[in-house]
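Structure at a glance
Spelled out from the first residue to the last, the chains are:
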There are 4 protein chains.
Amino acid sequence: MSSLRVRTDLALEVRENMEEGAKECRGVSVEEEYKEESELRITKVVIETMNGAKAMGKPIGTYITLEAPAMALPDEDYHEEIAKELAVQLKKIIPDIDKELSVMVVGLGNRDVTADALGPNVVDNLTITRHMVKEYGKAAFNQKKVHMVSGLVPGVMAKTGMESQEIIKGVVEKTKPDVVVVIDALAARSTKRLNRTIQITNTGIHPGSGVGNHRNAITQEALGVPVIAIGVPTVVDAATIVSDAFEKMMRQTGEEPLEIQDNLLAGLGELYNMYVTGKDVDYEIKQISHIICNALNSALEV
Amino acid sequence: MSSLRVRTDLALEVRENMEEGAKECRGVSVEEEYKEESELRITKVVIETMNGAKAMGKPIGTYITLEAPAMALPDEDYHEEIAKELAVQLKKIIPDIDKELSVMVVGLGNRDVTADALGPNVVDNLTITRHMVKEYGKAAFNQKKVHMVSGLVPGVMAKTGMESQEIIKGVVEKTKPDVVVVIDALAARSTKRLNRTIQITNTGIHPGSGVGNHRNAITQEALGVPVIAIGVPTVVDAATIVSDAFEKMMRQTGEEPLEIQDNLLAGLGELYNMYVTGKDVDYEIKQISHIICNALNSALEV
Amino acid sequence: MSSLRVRTDLALEVRENMEEGAKECRGVSVEEEYKEESELRITKVVIETMNGAKAMGKPIGTYITLEAPAMALPDEDYHEEIAKELAVQLKKIIPDIDKELSVMVVGLGNRDVTADALGPNVVDNLTITRHMVKEYGKAAFNQKKVHMVSGLVPGVMAKTGMESQEIIKGVVEKTKPDVVVVIDALAARSTKRLNRTIQITNTGIHPGSGVGNHRNAITQEALGVPVIAIGVPTVVDAATIVSDAFEKMMRQTGEEPLEIQDNLLAGLGELYNMYVTGKDVDYEIKQISHIICNALNSALEV
Amino acid sequence: MSSLRVRTDLALEVRENMEEGAKECRGVSVEEEYKEESELRITKVVIETMNGAKAMGKPIGTYITLEAPAMALPDEDYHEEIAKELAVQLKKIIPDIDKELSVMVVGLGNRDVTADALGPNVVDNLTITRHMVKEYGKAAFNQKKVHMVSGLVPGVMAKTGMESQEIIKGVVEKTKPDVVVVIDALAARSTKRLNRTIQITNTGIHPGSGVGNHRNAITQEALGVPVIAIGVPTVVDAATIVSDAFEKMMRQTGEEPLEIQDNLLAGLGELYNMYVTGKDVDYEIKQISHIICNALNSALEV
């Protein structure tokens, strides 16, 4: 019904917002698993063809979503369960992880804006090994296999004057990791999903994604090595909030006042670059960072 | 037209949103001054009677607002101008400032949530003198008059388990300041006003004001000493954003679909405790904190 | 041999630095336990009489020390073991913990100085329940026994203009906890002990202790309720470093050049208020904060 | 007299610690200027020949030092004076600053360790223009000349697994600045100089300099563009403190107990990687960051 643009970084939400018929489109496969005891829903959307990519408005690739309603609530044991499942999924999607890899983990976002600090938080707390392996050799680790893990927090363009992509590309060319893992705060369509969903994908990060101005694609095509992106919706566009409320209302009344809708859209201009977050955003970001950090440490066996 | 609740902490906005006739209500006086060269608008709303208080939904007292569209933009000279004007207004509203005072400055809010960290930021950077005066005496300051300035950042209830009021009251009773100045992040009605307006009032802080849960009044009645509040709108309620967009739209189409409106309101429940901020919130809060800090240092001659 | 003042906040170190004969002093009992598998040494020093207090230069009371050489190294499982043991000790020393208590946890120190931020870090991450119990009642917790936990970060005098004691006392009188638990960064005598030792005592905090200026005793006598202090040596006095190196040297050469010693002491004036920390202080403080936070959460069953 | 290694990053201190005869060495020129009214001493040491470099233990180049005893005390007007003088010196030493330049400012150090956070603090607060010039063109700036300023905070090796040099080199090759300005916290020889001296040099940063492990040279030779380094001594090596106290003592007694000295040195091993800072390090670093930030903004006319 609505022609309002769906603004979301989650493949899952794109699909939810498609009309019933469109969902069964060719070139997109969907698998869903629900773990009763942990209330954890894992959805795997694979966009297989250009046709599928067009229908979804997302590039070809794999999108895995972990959803858990209590993800950001205080419960360390539960967080550990989610982290374990996330590690399992990461091990599946990071190519050649059974070999010894050099992995660069990049935390996108602005560390001074609570909802955008997810990436920097994860990298700040990650176990970093590259310099140790370089200095003492793998033998020092007393493990069969030792990945070299490095971490980078490039900062946002307003504070660096550079695209994140430029910084990452420069560092990748100099330190030559085998794979890049990028963590970013995403925009969701629904407030219900905030800090309750983790998406991992092998398609990297695309322009306009995330909270801030992380422009220019951070993808295998751009960097020359595979790019795995871990994203968590931490904000909703302010304009999305309004157009959603509007749609819901229209649906209820059965009207289709197109003229009104255009007026509405015109009035939303001032909401450009405005974001909605919850009041516990600091606590929730801390929890999710911890989950992702533990999952990465576990997947990378450090 | 609308019966939607106006959610704002600014007396100025309350008045703007009143119907034309109601504005001229008895018991409320308004003075406005516009400084052409600095584009600074100073509005003084005085609620003089219980009637006025009822009409405005705010307690009896003085509310001074400084508005400047470029307040949060990078321009140090301009910030100094605003700080000077703010100092002038603070000197007028802090009682007995010509005498030597003991002033406790309280920074409300959550330092880990960017938009709510205004108060803590100001207190962190303020010149504090109480301990120096106590230890070395006033003579050490080489000034005619020396105020004793102390600073307190009580934190938010989710992290302390206590009302801000309990903490402040306890410390006031123990250290006996002559006056308390409270800094807080407020909710505005309009995104246009975010980080562009400073309100000072001698009525203190009232329940439900601000971004977080700073419950229980922080007022002269509660603390036993005069309370001057400095507030800056740094967020807009997510529900306000939606109902505003809705109203604007209805006004344009001339409809009054009351039924729809009720549906709308019902749908906004999930927006409870959600806030809207701009993407440069970190930069803007830093600028405004700096202005208020300089104004306080200047007004208190420290 | 040396008359240089031993500057330490650890009862354990006081005893170590006493001459052999003096150690067996009356009024001081010492118990030691070493857990082989975890390399954890637990020492309980009880000062029972005024005589013992005089000999030790510490007030009458119980001082329990947990020492583990690998305390600050990256090993989450090990941290959990230490946290468990710390919880056991806390349960023994917090009076009436088998009843339902109102416990105020206070984090002393300056959150902007890495080595002094231990206390604030612990309180920032603690599970706080007082406001929940007050709002929803104990029934909501679905537990037999629910302590009300509150948290306070008073800040340091240079930033508040007030003694920590004044602030804590004010808040204690207003919110009436049954017991206060204070966390503080301490000064050790030896760099070997930095971030590897946790001391808990029922004697509170005494003037001049810790890194900063947390003056005025925070004790049961001052606050009117029992005060349990948890301290971790995170710095060594710069003057201590020098006089220790000097002593070691003298001991090796067998000389007793008292004149030289006086010259030395005179030259140390400029080291007043200077502290020594290691270069990994940020990482180590984070680990220890986490251990103490988990131990408190566990002891308080929150 | 002493053979103890002088551990300092300041050319000025190297010279002070040379024996009288050695100071007049060829290949090193020294100019000094003292500004009475501002108590600001400016010393320019130019190492002109390999011989001079050998004698000084520093590479050929220019080293300008600004010393002001009250640099870190609270006095904004005074800070502005120092910033102005620093800007004058920066304009002299940054090559081709009269043309339009692309300048990358790099803040070395660990933002989580107070004394090492100087570089990150400066970059966080700098006016960044590169992205604006790229997006809107120079015309938008309404200035005759517009430098493109970018900022980078590479982080420390323990947290990135990479040398700062690798990161900077990668980003320089990608974004091609004309000149790199590096800000770093240095180690001084004397506690008297902490946070009271600013050194600028055109020789870049050399291995082992600074507080942390910023290894591998950050120099024109390494990066391919001129590198200007701004350094402030914020710590003293713990071993330096001890050996200094020892020397002072020996000098006073007229002894030369070489054997003792060796014992002393052996005993200092545990002080490796330990640093001395003052208790107001947070406040002082904030002040100096502000001075350098203002000086850079002024020199770069942003």
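Above this note sits the structure.
Summary of the structure given here.

Rules used throughout
- Residues numbered from 1 in each chain as written.
- Chains lettered and ligands numbered in written order.
- Predicted model: local features only at pLDDT ≥ 70, side-chain atom pairs only at ≥ 80, totals over all residues.
- Heavy atoms only, no water.
- Helix = DSSP H or I, 4+ residues; strand = E, 2+ residues; numbered from the N terminus.
- Buried < 20%, exposed > 50% of the residue type's maximum accessible area, 1.4 Å probe, protein only.
- Contact = heavy atoms within 4.5 Å.
- Areas by Shrake-Rupley, 256 points an atom, 1.4 Å probe, with all protein chains shown as cover.
- Least-squares fit on C-alpha atoms with pLDDT ≥ 70 in both.
- Expected span 1.5 Å × (residues − 1).
- Salt bridge = Lys/Arg side-chain N within 4 Å of Asp/Glu carboxyl O.
- Polar contact = N/O pair within 3.5 Å; in protein donor to acceptor, adjacent residues only side chain to side chain.
- Axes fitted to C-alpha atoms, helices over the stretch in contact; angles between N-to-C directions.
- Parallel < 35°, antiparallel > 145°, perpendicular 65-115°, else oblique.
- Left-handed = near helix turned anticlockwise from the far one by under 90°.
- Nonpolar A, V, L, I, M, F, W, Y, C, P; charged D, E, K, R; others polar.
- Pairing = 2+ DSSP bridges.

1. Regarding the overall build of chain A
Summing up its helical and strand segments, chain A has 12 helices and 9 strands in all. Across the 302 residues in chain A, those meeting the buried criterion constitute 60%. Long-range pairs, those at least 24 residues apart, make up 73% of the contacts in chain A with a sequence separation of at least 6. Accessible area of chain A: about 12,100 Å², with a carbon and sulfur share of 47%.

2. What to know about the relation of the copies chain D and chain A
The transformation that overlays chain D on chain A combines an axial shift of 0.0 Å with a rotation of 180 degrees, and the residual RMSD is 0.0 Å. On this basis, the relationship between the two copies can be described by a two-fold rotation axis. Among all C-alpha atoms of chain D, that of Gly170(D) lies closest to the rotation axis, at 2.0 Å. Counting the interface residues of chain D, we find that 100% of their copies in chain A are interface residues as well, pointing to one common contact surface.

3. Points about the side chain of Thr219(C)
Mapped onto the elements of the fold, Thr219(C) is located in the loop between strand E7 (197–201) and helix H9 (220–223). A residue is classified by how much of its surface remains accessible, and Thr219(C), at 8% relative accessible area, is buried.

4. A word on helix H12 (residues 281–299) of chain D
Residue and element names in this part refer to chain D. In this model, H12 (19 residues) spans 27 Å end to end at C-alpha, consistent with the 27 Å of a helix rising 1.5 Å per residue. Along H12, 14 of the 19 residues are buried, which leaves the element largely enclosed by surrounding structure. Phi turns positive one or two residues past the end of H12, at glutamate 301, with a value near 50 degrees.

5. What about the pattern of salt bridges?
Inspection of the entire model under this criterion finds 56 salt bridges over all chains. Close ionic contact of Lys35(C) with Glu85(C) constitutes a salt bridge, the shortest N to O distance being 2.8 Å. Linking Lys35(C) in strand E1 (residues 28–35) with Glu85(C) in helix H4 (residues 76–93), this pair joins segments that are 50 residues apart in sequence. We classify Lys35(C) as partly exposed; its relative accessible area is 22%. Residue Arg111(D) pairs with Asp124(D) through a salt bridge whose shortest N-O separation is 2.9 Å. With a gap of 13 residues between them, Arg111(D) in the loop between strand E4 (102–107) and helix H5 (118–125) and Asp124(D) in helix H5 connect regions that are remote in the sequence.

6. As for the side chain of Gln89(D)
On the secondary structure map, Gln89(D) appears in helix H4 (residues 76–93). Apart from the residues lying within four places of it in its own chain, the contact partners of Gln89(D) are Ile42(D), Ile64(D), Leu66(D) and Ile200(D).

7. Examining the interface of chain D and chain A
Counting from both sides, the interface comprises 25 residues of chain D and, opposite them, 25 residues of chain A. The tally of links from chain D across to chain A stands at 4 salt bridges. Glu173(A) is the salt-bridge partner of Lys174(D), the closest N and O atoms lying 2.9 Å from each other. Between chain D and chain A we count 10 residue pairs in polar contact (both at pLDDT 80 or more) in total. Those elements that provide at least two residues to the side of chain D that touches chain A are helix H6 (130–136), strand E5 (148–152), helix H7 (157–160) and helix H8 (164–175) of chain D.

8. Brief notes about the packing of H5(D) against H12(D)
Residue and element names in this part refer to chain D. At a closest axis distance of 9 Å, the pairing of H5 and H12 adopts a crossing angle of 45 degrees. The orientation of H5 with respect to H12, classified from their angle, is oblique. Pair H5 / H12 crosses with right-handed handedness. Along its contact with H5, which presents Leu118, Asn121, Val122 and Asn125, the element H12 presents Ile285, Ile288, Ser289, Ile292, Cys293, Leu296 and Asn297. When its residues are assigned to classes, the contact of H5 with H12 shows 7 nonpolar, 4 polar and no charged.

9. Here's the deal with the packing of helix H8 (residues 164–175) of chain A against H8(D)
Here H8(A) crosses H8(D) at 120 degrees, and the two axes come no closer than 7 Å. As judged from the angle between their axes, H8(A) and H8(D) are oblique. Remark: the crossing between H8(A) and H8(D) carries right-handed chirality. Contact residues: H8(A) offers Glu166(A), Ile167(A), Lys169(A), Gly170(A), Val171(A), Glu173(A), Lys174(A) and Thr175(A), while H8(D) offers Glu166(D), Ile167(D), Lys169(D), Gly170(D), Val171(D), Glu173(D), Lys174(D) and Thr175(D).

10. Considering unusual backbone geometry
With phi around 55 degrees, Asn195(C) is a residue other than glycine that occupies positive phi space. Along the polypeptide, Asn195(C) turns up in the loop between strand E6 (179–188) and E7. Positioned with a positive phi, Asn142(D) is a non-glycine residue whose angle comes to about 60 degrees. A relative accessible area of 73% means that Asn142(D) is categorised as exposed.

11. Side note on the pairing of strand E9 (residues 274–278) of chain B
E9(B) sits mainly inside the fold: 4 of its 5 residues count as buried. Here strand E9 (residues 274–278) of chain A pairs with E9(B) via 5 bridges, running antiparallel. By the bridge assignment, Tyr275(A) is partnered in E9(B) with Thr277(B).

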